Every structure is written in structure tokens, then in C-alpha cells.
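Here are the chains, one letter per residue:
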Amino acid sequence: MILRQLAWIILLAGSAVAATFSPQKVTRAPRPNIILITVDTTRADRVGFLGSPRGLTPNLDAVAKQGVVFTRAYSQVPLTTASHATILTGTYPQFNRVNDFGAPLTKDLPYLPSVLHEHGYKTAAFVGSVILDPVRGAAPGFDRGFDVYDAGFSSRLPGTDRYKTEERRGGEVIDHALAWLSKQHMGPFFLWVHLYDPHSPYDPPEPFKTRYASDPYDGEIAYADSVLGKLLNQLRARGLYDGAFIAMMSDHGEAFGEHGEREHGIFLYDETLHVPLLLKLPGGHPAGKRIEERVRLVDVAPTILQLAGVSTPQIMQGESLVALWKPAQPGKSTAGGSQTVADRPAYAETDYPERAFGWSPIRSLRTGKYLFIQAPRKELYDQLADPPAEHDLSSTASAVTQTLSGGLDEFRQKTASSTEGSKPRVDPELVEKLAALGYVASGESKGAAGTGTVVDPKDKIEIINILRAALLQVDDARYAEAIPVLQQVQAKEPSVPITYLALGNAFSWLKDYEKALPQLRVAVELFPHSMMTHYQLGLALFHAGDFQGAAPQFEAAVAHSPRWADLHFSLASVYARLDRDADARKELEIAVQLKPDDFRANLILGRMLVTEGKPAAALPRLEKAVKLQPGSVDAHLFLAEAYSKLGQAEKARGEQMEADRLGAAERP
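On to the side chain of Ser-632, then. Position of Ser-632 relative to the elements: it lies in the loop between α23 (615-628) and α24 (633-645). Within the structure, the side chain of Ser-632 is placed 3.1 Å from the backbone nitrogen of Ala-635, a separation counted as a polar contact. Setting aside its immediate chain neighbours within four residues, Ser-632 contacts Phe-599 and Leu-662.

So, in C-alpha cells, the structure goes:
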């Protein structure tokens, strides 16, 4: 009986796959404005419209009362970039091949923003993290079809604010979106707003920081909901809310120790894949509808296109959700009045364990009442009897396990692309950016690959947990805390290169160059084309007094990133120590050209020009330095000397007096 039932389930799975290659019917309603909201890393059990009693999402809950709520929505991959690729292309990761950081979204893929743009929509995206930056981050190709793609993130250096470099607060994202929205006066628009706030490290701004001091993750979600309230209120104030189609979802959830994982990316249990999904239709009909059938994020793009009256590209693999809230056909309703709909199998995968560590990838299939997980040690759970997936049935229900294993393989084969995807852009700078977000960049580690050993990530999950924590500690300048953790990771998994760079940086910032230099030299060997590895090794050598050794490292860094002013300043500093004054002046001139308000470069370049007998050329540099830092004694002294050499005695006396005054104030 069980096998016959499972055979029927697999048959339904196959029919669902086949159905995805048929275009959806086109509606004739006026095309609505479309607002797509993705709130990163939000668990389904934290939102009020899915039953959470925590009161974190009052603004979204209000929208839910006017829309359609999907209680069993599942992500197809527990990583931000890859999941958004599925959302926006309506295809599975094995088809779109954006299953890795930096993997390009190729032009042969169907892409929701591009399709809408081709049909007259104005399109704009406002994202909250470098993880979705198409130019400087992990999402090449994501800007296709957008009139505006507001990103522009950078690497974070010690002492800089993470919210001005690798991510930004939701409030800033919303402000940028509203500024764009205020200029839209005609035609339908597609607006995508992505909030990154609930992602680790959990650090909500006030008053949420204090209010949720015991659970900052909840504070991040409450903050995200509050800024979404600002967006929603502005839509109402401008008369855009009622007629808009609003789709809100999370790309994936977050684990807090369930099944051993902290955060996300490795396992495929509900804590990281069960996500909130909410749709508000134009006119608010149907209002308060709850859909209990299982749905997938791959279904979002076809749904949006159907409601926009645009034909769905034939190669989209998701299925529109519209049929789920239409009135039931005669003879097709249950006793409770809900429509009977065939089960939609929810496939998911993660290649992150394999690509980052050389361990086994993991696949899963939710179908009928079962959750099946394909790993070196297969797992099977009855989700009706065991929602937390705590009791593995694979050994006692081997026939079910075998049937679902075959069904998963068949599903993946039918939905995979027949062409080989482009390899991810393993940019060494991207490696550092991902590390700052707690990720290990894919393609770094060979791990157990080639040894004949297949590693089940279940056996290694604690290594990933502690490595992520250590990377965030380094990014937050908590070096003394990070060092023993990184050493622990390095001892257990010496094949993960990012630990060498992180350890070297930590030792270097603690001025322990004897320990820093060996780590950083290994990092340079492993990442020979990385600007950051050469730069960090150069800094360590410079501070250790090895100027001759530092010079080629800074030169390599400048060659890799010639438009970074700080690199030119560092190279000028080492040239000056080596008595290469002409070379030093040249680098300083480049630095002030790239960064006119760089106090250090203006000050030192001005001083060098004075000593070379060029006070007139030095004057604008030193005047700029005084303007930038009027409290600097050296800036006033050097400017006084320049005025004196130019015969401007009164100005020279004024600057000398100010230098004396500042110097006296500094003395105890």
C-alpha cells in the first residue's frame, strides 16, 4: 500500500515538472504596479501572519489581512544569491546554475525584471548587501532588465563601518527606493526591495537594540518590518497601495542549533527552508485567504507574470500560484471549503558544503507527508507526525527511502539544464567580502576531494559553525577572541585557505608580526592574485620594519587595484622609507587625485614639495590638509614653513601661532 501511494506521489512530481514547460494563460486585466519585497534570512515562525505570537511584524500582518498567505512555502536553496536567482528566474538552481557565490546569471535564462521591462515596466532594484551586488559582489548579471540597480558595496577595512561597506540598514534601502518612487509618474513599475538586516551578525539599531537585547535576531526582524511600514505608508499616501501587487517573502530561514547547524547554507531542514510568503493583489481580493498546500519560491515569477498579464516564458519551471486561490470547481472542494490541489513536491539543494569544503552536497524532496534528504547517510522524516524532523525513519522504512531517492534523482534530472554553466567568478576580493559576512567562498578548498573519502556535512557541521563565528569576530576587530577559534579550525581542517588570511590579519592587528607573517605568506601563496592578501602581508612587513620586503607586496596590490587611494599611500610610505622620494611623490599625487580629501596624502605630499624647494606647489596641498583637520599641529607647522618660503611672513606667523597653541593644549 505504501509503495503504491509513493508511486502515485512520484507520478505527480513528474507531471508537475512536465507542466512547468507550458505557458500560463494570460489575463487581460490592466497591468498593476508590482512591488517585490525580499527580507533576508527570516524564519517562518517569526512572522505574525504565520502564527508567531512575538509581535515582530505588525506592518506585514496588516498586509496579510488584505492578501493571500501561503503557510507552507519553501525555498529551493538556503543561500541568498542562489535563492534570489530561483525567485527571479522561476527556475531551479540545477537549471539556472546560480548555485554558487559569484556564479553569473546568464542571458539565456528567463528573468522576471527583463521580461517585465520588455513589456513596458519601469524597473528598479534596491538591495541591502554586497551578496546581491552585480558589479562588486556575488551576483553578476542580476542587473539585467533593470533601469536602476542600486547597490555599490565595497570591502570593509578595520575601523570602517560595515553598514557603509558590505551591507546597509533597511532604512537606507527604503529611503533610496522612495526617492526613486517619487520620480515615477507614468506607466507601470516593478520595484524590488531587498532588506538584509536579519542576517548575522544580529545588530539592530535603537530602539530595537535595547528592546530586543535578549534576542537581537528578533530585533532585526522587527526593525525590518518597521522600515517596510514606511514604504507601505508612502505607497498609501501616494495612492499606489490599493492597485499594486505586492509580493513579500524571505529567501531562506535561519538555524539556531537545530540539527547542529547555526545560521544557514549547509542543511535543508525546515528551519532554513520554510519561509514566509505573502501576496497582496490589486484591489485586495481575495483578502485574508490562507493557502495550506505546499508551494515553492520557484513559483513566484510565473505568478507575478500571470497577474501582470504577461506570457510566462516557456522555460520557466515554476507554476503560477493563481489557481490556488481561485474559487473551487464544482466537485473539487473539500469539506472545509478549500480547493483540492495536487501536491507540489518541493525540491531543494545546497552545493555549498562541496564547493567550500570538499564535502558532499545535499539534496532534499518534500512530497506527500515526507521529507527525504539525500546525503551520504540518507534521512527520512514524517512531517505530519514529526514536524521538527527529529526521528529519522530511513533505516526502518527503507522501501520508502529508496523510492523517494529515485524520485528525487528523476526530478533533478528532468529539471537540470542540459548545458554546462559558467564557472563562478572566484575573485579573491569576493573571498574577503564573503568572509566579512561569515561565508567561506566556494572553490577555495579541496577538502576531502580526490582522497576517495565522501564526507557527510552532518559530521563536520561544528567546524562550519565556529569558522563563521571567527570570521565575524575578525571583521568586527575582536582579534584576541578570533585567534584561538581560527587555530582550532585550522587544526581540524587545514585545507580551508581563508583561515590563513584571517589568522594573519588577527595577529597583525595585535602587532604580533612574528606569528602573522607565516600565516600571511601562506595566504599569498594560496591567493597569488588577491589584492587583499598582498596588501595585508605588505602592511605586516612594513610595521615589522622590513620595508624592502613590503615594497613588492604593495606594488602587487596596486597593480591589482590601481584605483584604491589607500594602496598608493601605503606604497608611497614604503618608498619614502627606502629613500625613493620621486617614486613616493608620484604615488602620493595619484592618491590625492583618486581621493582629494585624503588628509594624510595631502599633508605628506605638501611636506615633500616644500622640502624639494617647491613651496608654491605645496601650498594647495597643505591648505587642504589644514582645512580637513584644523586641529593638526603638523598641518599648521608645514603650512607655516611653506608661507615663510614664499615670503608671506604674516600668514606664516599666524600658522606658527596656531601650531603653538594646539601644541600647548595637547601638553599635560
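A full pass over the atoms with the stated rule returns 37 salt bridges. Lys-230 is the salt-bridge partner of Asp-175, the closest N and O atoms lying 2.6 Å from each other. Of this pair, Asp-175 sits in helix α6 (residues 170-181) while Lys-230 sits in helix α8 (residues 216-237), and the two are 55 residues apart along the sequence. Residue Asp-175 is classed as partly exposed on the basis of its relative accessible area of 36%. With relative accessibility at 41%, the residue Lys-230 sits in the partly exposed group. Between Lys-460 and Glu-493 there is a salt bridge whose closest N-O contact spans 2.8 Å.

We now examine the nonpolar core. If you look at the biggest cluster of nonpolar residues, it comprises 147 residues, and the most contacted ones within it are Phe-70, Leu-116, Phe-142, Trp-192 and Trp-325. Those residues in contact with Phe-142, other than ones at most four positions away along the chain, are Thr-81, His-84, Ala-85, Leu-88, Val-98, Leu-105, Tyr-111, Leu-132, Pro-134 and Tyr-149. Grouped together as the second largest cluster of nonpolar side chains are 41 residues, Leu-60, Phe-126, Tyr-212 and Tyr-217 included.

Once that is clear, we can look at helix α18 (residues 531-543). The end-to-end C-alpha distance of α18 is 18 Å, a good match for the 18 Å that 13 residues give at a rise of 1.5 Å each. Here α18 lies mainly inside the structure; twelve of its 13 residues are buried. For α18, the full list of buried residues reads Met-531, Met-532, Thr-533, His-534, Tyr-535, Gln-536, Leu-537, Gly-538, Leu-539, Ala-540, Leu-541 and Phe-542. Looking one or two residues beyond α18, the residue adopting positive phi is Gly-545, at roughly 90°.

Next up on the list: the packing of aromatic side chains. Across all of its chains, the model carries 24 aromatic pairs by this definition. Ring geometry for Tyr-202 against Tyr-217: centres 5.3 Å apart, planes inclined by 70°, an arrangement best described as edge-to-face. With Tyr-202 in the loop between β5 (189-195) and α7 (208-211) and Tyr-217 in helix α8, the pair connects residues that are 15 residues apart, well separated along the chain. Taking relative accessible area as the criterion, Tyr-217 reaches 1% and is therefore assigned buried.

Attention shifts here to the environment of Val-522. Examined against the element boundaries, Val-522 turns out to sit in helix α17 (residues 513-526). Val-522 sits 15 residues away from Leu-537 along the chain, and the two C-alpha atoms are 9.9 Å apart.

Attention shifts here to the pairing of strand β3 (residues 122-126). Among the five residues of β3, four are classified as buried, and the element is accordingly described as predominantly covered. Here β3 pairs with β5 via five bridges, running parallel. Bridged to Ala-124 within β5 is Leu-191. In this structure, β3 lies alongside strand β4 (residues 148-150), joined through three bridges in parallel fashion. Its bridge partner being in β4, Ala-125 is matched across the sheet by Tyr-149.

Attention now goes to the pairing of strand β9 (residues 274-280). Most of β9 sits inside the fold, with seven of its seven residues counted as buried. Across the two faces of β9 the burial is the same, with His-274, Pro-276, Leu-278 and Lys-280 and Val-275, Leu-277 and Leu-279 all buried. Where strand β2 (residues 68-74) lies against β9, five bridges are found, and the strand directions are antiparallel. Across the sheet, residue Ala-73 finds its bridge partner in β9, namely Val-275. As paired strands, strand β6 (residues 245-249) and β9 are joined by four bridges and run antiparallel to one another. Across the sheet, the residue bridging to Ile-246 is Lys-280, located in β9.

Moving on to the environment of His-568. Locating His-568 in the fold gives a position in helix α20 (residues 565-577). When the C-alpha atoms of His-568 and Ala-557 are compared, they prove to be 9.2 Å apart, with eleven residues separating the residues in sequence. When sequence neighbours within four positions are dropped, the list of residues in contact with His-568 reads Val-558, Pro-562, Glu-587, Ile-590, Ala-591 and Leu-594.

The pLDDT averaged across the protein works out to 87; a share of 88% of its residues lies at or above 70. Of all helices and strands in the protein, the one with the weakest mean pLDDT is helix α1 (residues 2-19) (41), whereas strand β1 (residues 34-39) scores best (98). Residue range residues 328-340 is modelled with pLDDT below 50. Its contacts to residues more than four positions away, or to other chains, number twelve contacts. Taken as a whole, residues 443-451 scores under 50 in pLDDT and shows 26 contacts with residues more than four places along the chain or in a different chain.

How each quantity is defined
Residues numbered from 1 in each chain as written. Predicted model: local features only at pLDDT ≥ 70, side-chain atom pairs only at ≥ 80, totals over all residues. Heavy atoms only, no water. Helix = DSSP H or I, 4+ residues; strand = E, 2+ residues; numbered from the N terminus. Polar contact = N/O pair within 3.5 Å; in protein donor to acceptor, adjacent residues only side chain to side chain. Contact = heavy atoms within 4.5 Å. Salt bridge = Lys/Arg side-chain N within 4 Å of Asp/Glu carboxyl O. Buried < 20%, exposed > 50% of the residue type's maximum accessible area, 1.4 Å probe, protein only. Core = buried A, V, L, I, M, F, W, Y, C linked by side-chain atoms within 4.5 Å. Expected span 1.5 Å × (residues − 1). Phe/Tyr/Trp six-rings, centres within 6.5 Å; stacked < 30°, edge-to-face > 60°. Pairing = 2+ DSSP bridges. pLDDT = per-residue confidence, 0-100.

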